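Okay, here's what each chain looks like letter by letter:
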Amino acid sequence: MGQRRRAGAVKTLSSERDSADVARICNRKHNICMVSDFFYPNMGGVESHIYQLSQCLIEKGHKVVIATHAYGRRRGVRYLTNGLKVYYLPLQVMYSQSTATTCVHSLPLLRCVFVREQITVVHAHSSFSSMAHDALFHAKTMGLNTVFTDHSLFGFADLSSVLTNKLLTITLCDTNHIVCVSYTSKENTVLRAVLNPEIVSVIPNAVDPTDFTPDPSQRPADRITIVVISRLVYRKGIDLLGGIIPELCLKHPDLHFLIGGEGPKRLVLEEVREKYQLHDRVRLLGALEHKDVRGVLVQGHIFLNTSLTEAFCMAIVEGASCGLQVVSTRVGGIPEVLPDDLITLCEPTVRSLCDGLEQVIAKQRSDSFPSPASIHNRVRNLYTWKNVAERTEKVYDKVVGEEVLPLAKRLRRLRSHCGPVAGSIFAFVAMLDFLFLLLLQWLLPDRFMDVAVDATGPHGLWRQKTSRKKFD
Amino acid sequence: MGADGAPSQSVPWRKVLWERQPFPDNYVDQRFLEELRRNEGIREYRYWAVVKEASLVGQQLSCVAIFITFWLYMEQGLLAPETLLWTSLVCGLLGYGLYQAFTSQTDSCSETRTHLADLQSAALFLSFTFGFSPVLKTLTESVSTDTVYAMSAVMLLAHLVSFPYGEPSPPGSLSLNAALFASVCLASRLPGALHTFAMLSCALLVFALWPCLLQRLRENSPLQFTGVCVGVCTGGVGGLASQSLGGAVLLSLAVVSVTFLCPLLLVWLQRHKDNIHGPWDEAEICEDLSHFLH
């Protein structure tokens, strides 16, 4: 494919301008573009994962840009900490912050980003994000290597998962490497997208341990507090929580609940609170900002998670990092996350969760748990972003050396891998995409496109002093 | 990196993330996918049981055909509206009696609805329909006949598609409304106001009350239910045959394929079912949690 060579030519041209530039490019290994529909100002696991990972990669001397869709008036190019450049592309949002997908229309914008930023690796996040799927597709058309991170688990039974899984099969059929956040998630993704398990790596999420430090002095001495922090939606098992609260509150008069988060299931909790007259013992805090989470966590003794499905569950790590005893349902990847003595796993039923909580409450009363500080010390080094970045870097190192399938091979692979019907349809779409790319390259050749000014400043001058010392 | 480069240490791989293990990130262990379960709790279908259930679909198809047959007869003046009204009345009373008999068989005191209430709603409906039938008669005068026919066809199709075959009593609101809309359209093309009234009463009988009786029949005497279904299907095909032979052939083909071929297909495809379950499935809340709220 000619487009790749041309991009390389641009790179040499631009670097010839300045000998310092050459040093800079040799110094930095990868130019990474993270693509996902989900990014700040949206808040959640995927968003913080992308942000934290990008920050760590920048610190390691890579160039990272993020492409997402425009959020309201937030469109165009924005800069975040350490010169992390974010493209808010004007793409139409269709459903719950996911863009509409036609497999073709986003090509001009994404090509612009990839060419201007001289991207070598496209890293897409989340299978819910259609922009991520689009980017994987276009990147292959443009001859770039791709990595995909899957953050969620999916079933196989209902119509929506059948369709999403087919789409995933198609976009991942020539993706170089896939990253999953837990072993369960890996099994799930391998089955959903019919993948060779050897191109799927497991790299867990991480938690910033300095954000989540214990402070036992914040705990009221005369009561036992159970903290729940999650979105109040069905998938987080809030209905179970609505059954647990009256059961336990009747048995333990000194038990209090502290619930952070917002969502449609708030009604259930409010009704329970109303019916059993628990207004002084069940506090609903509403939506919490990330910086306020620690302040709520340290007030509790026990952290409760009632999720019905979870690929990794950062919340329980945050809870344990603040020194709380964690009680959680045994679903998805949760059993892999914490060692057995830091977590009490229960079946997703009210009975089992109440039994688990009773055990923990009894132990808490007899003071037989290790101190919050010692729990924090055990958890703080389990999951760090630095470690995630190192492992992801290895994936990039592996990926850039791989060959990108030329068009003919790619079409053959689509048809052999994705079934005769969907495979043929998407082979046709891949053709269209390629022709569209040729048209775009004819209208505006890559060599006339300006190379973007590096967001870390000329020669990385704007990068933080500490990181400069490390890498220069 | 590289899964084949896995070290041959004596430490076994564990499915945990909190421990740094001496394996590469893309390592695939022997135990990969060991928790995968296939076709769990799957329902085995038996052919004749499915045919029996599917006969309800054929029956409903024939009901529509019977209604259309009545309409064709009325339109050509072969059936006097008085005759249809009296027949409907007799059938309605007969059906009501049967329905009551079945009800008293199953549960004696749970239903609080009295005969008087039934009579009241019947009287109310009939008087309103009678009063409004001149209006309904002229309702679609400004619309072309082709449009009315097309609309009726679409609505009857919608009725068939949205009919709650699993639990036909009470008939679903969408299916009932579609059927009544179609009947109003068709009835407005008849020659007189009394025709319209008779047609609408007949529609009520066929689309609203008959499914309720049929459901009771299905619950109480499955054997008779099959007989009734066969009877209705024969009636539908026979009635249509007296008006249009081609239509009757098509209807009988449809009924046969729905009741005999489709179940065959279902049972045959059952063998290819491959349902996978595993730890990634979303947990289901099996308990009834409503008692905490109410």
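Residue numbers restart at each chain and count upward from 1, following the sequence in its written direction. Naming scheme: in the order in which they are written, chains are lettered from A and ligands are numbered from 1. Owing to the predicted nature of the model, reporting of local features is limited to residues with pLDDT of at least 70; listing and counting of side-chain atom pairs is limited to 80 or more, with chain, interface and lining totals taken over all residues. Hydrogens are left out, water is left out, and the side-chain values use all remaining heavy atoms of the structure.

## Overview of the pattern of salt bridges
Residue and element names in this part refer to chain A.
Moving on, step 1. Put simply, a salt bridge is a Lys or Arg side-chain nitrogen that is within 4 Å of an Asp or Glu carboxyl oxygen. The full count for this structure, using the stated rule, is 31 salt bridges over all chains.
Moving on, step 2. Here Arg223 makes a salt bridge to Asp222, at a shortest N to O gap of 3.9 Å.
Moving on, step 3. Several salt bridges share partner residues, and in doing so they unite Lys63, Lys85 and Glu117 into one network.

## Here we look at helix 7 (residues 222-241) of chain B
Moving on, step 1. Working definition: helices are DSSP H or I runs of at least four residues, strands are E runs of at least two. Numbering for both runs from the N terminus. Here a helix's expected span is defined as the number of its residues, less one, multiplied by 1.5 Å. Taking 1.5 Å of rise per residue, 20 residues should cover 28 Å, and helix 7 of chain B covers 29 Å from first to last C-alpha, within 8% of that figure.
Moving on, step 2. Buried-residue contacts for helix 7 of chain B involve helix 1 (47-75), helix 6 (193-220) and helix 8 (245-270) of chain B. Residues count as neighbours in contact if any of their non-hydrogen atoms are within 4.5 Å of one another.

## Some words on the interface of chain A and chain B
Moving on, step 1. Contacts between the two partners involve 55 residues from chain A, matched on the other side by 32 residues from chain B.
Moving on, step 2. With both sides pooled, the region where chain A packs onto chain B buries about 3,700 Å², and carbon together with sulfur makes up 63% of that total.
Moving on, step 3. Simply put, the buried area is the total loss of 1.4 Å probe accessible area from both parts when two parts are fitted together. Sorting the residues of chain A by area buried against chain B places Tyr183, Glu187 and Leu191 of chain A first, and these three jointly supply 18% of that buried surface.
Moving on, step 4. Inspection of the region where chain A meets chain B yields three salt bridges.
Moving on, step 5. Contacts described as polar in this section are N or O atom pairs within 3.5 Å, which, within protein, must combine one atom able to donate a hydrogen with one able to accept it, while residues neighboring in sequence count only if both atoms come from side chains. At the surface where chain A touches chain B, the tally comes to 14 residue pairs in polar contact (both at pLDDT 80 or more).
Moving on, step 6. Counting residues per element, the ones that place at least two in the side of chain A that touches chain B are helix 7 (183-193), strand 10 (200-202), helix 8 (238-251), helix 9 (266-275), helix 12 (334-337), helix 13 (350-365) and helix 15 (385-400) of chain A.
Moving on, step 7. When residues in the side of chain A that touches chain B are grouped by element, the largest group, seven residues, is from helix 7 of chain A.

## What about the sheet that holds strand 7 (residues 121-125) of chain A?
Residue and element names in this part refer to chain A.
Moving on, step 1. Strand pairing requires that DSSP identify at least two bridges connecting the strands. With mixed pairing, eight strands are arranged side by side in an open sheet as 3-4-2-1-7-8-9-10. Pairing within the sheet leaves two strands with one partner each, and these edge strands are strand 3 (76-80) and strand 10. Averaged over all pairs of adjacent strands, the angle between their axes in this sheet comes to 25 degrees, without regard to strand direction.
Moving on, step 2. Examined bridge by bridge, strand 8 (residues 145-150) and strand 9 (residues 177-180) share four bridges and lie parallel to one another. When the sheet's bridge partners are listed, Phe148 is paired in strand 9 with Ile178.
Moving on, step 3. Here, axes are lines fitted to C-alpha atoms. For helices the fit covers the stretch in contact, and angles between N-to-C directions go from 0 to 180 degrees. Strands strand 1 (31-35), strand 2 (63-69), strand 4 (84-89) and strand 7 of the sheet are contacted by helix 4 (residues 107-116), whose axis makes an angle of about 160 degrees with strand 4.
Moving on, step 4. Lying over the sheet, helix 15 contacts strand 1, strand 7, strand 8, strand 9 and strand 10, oriented at roughly 145 degrees with respect to strand 8.

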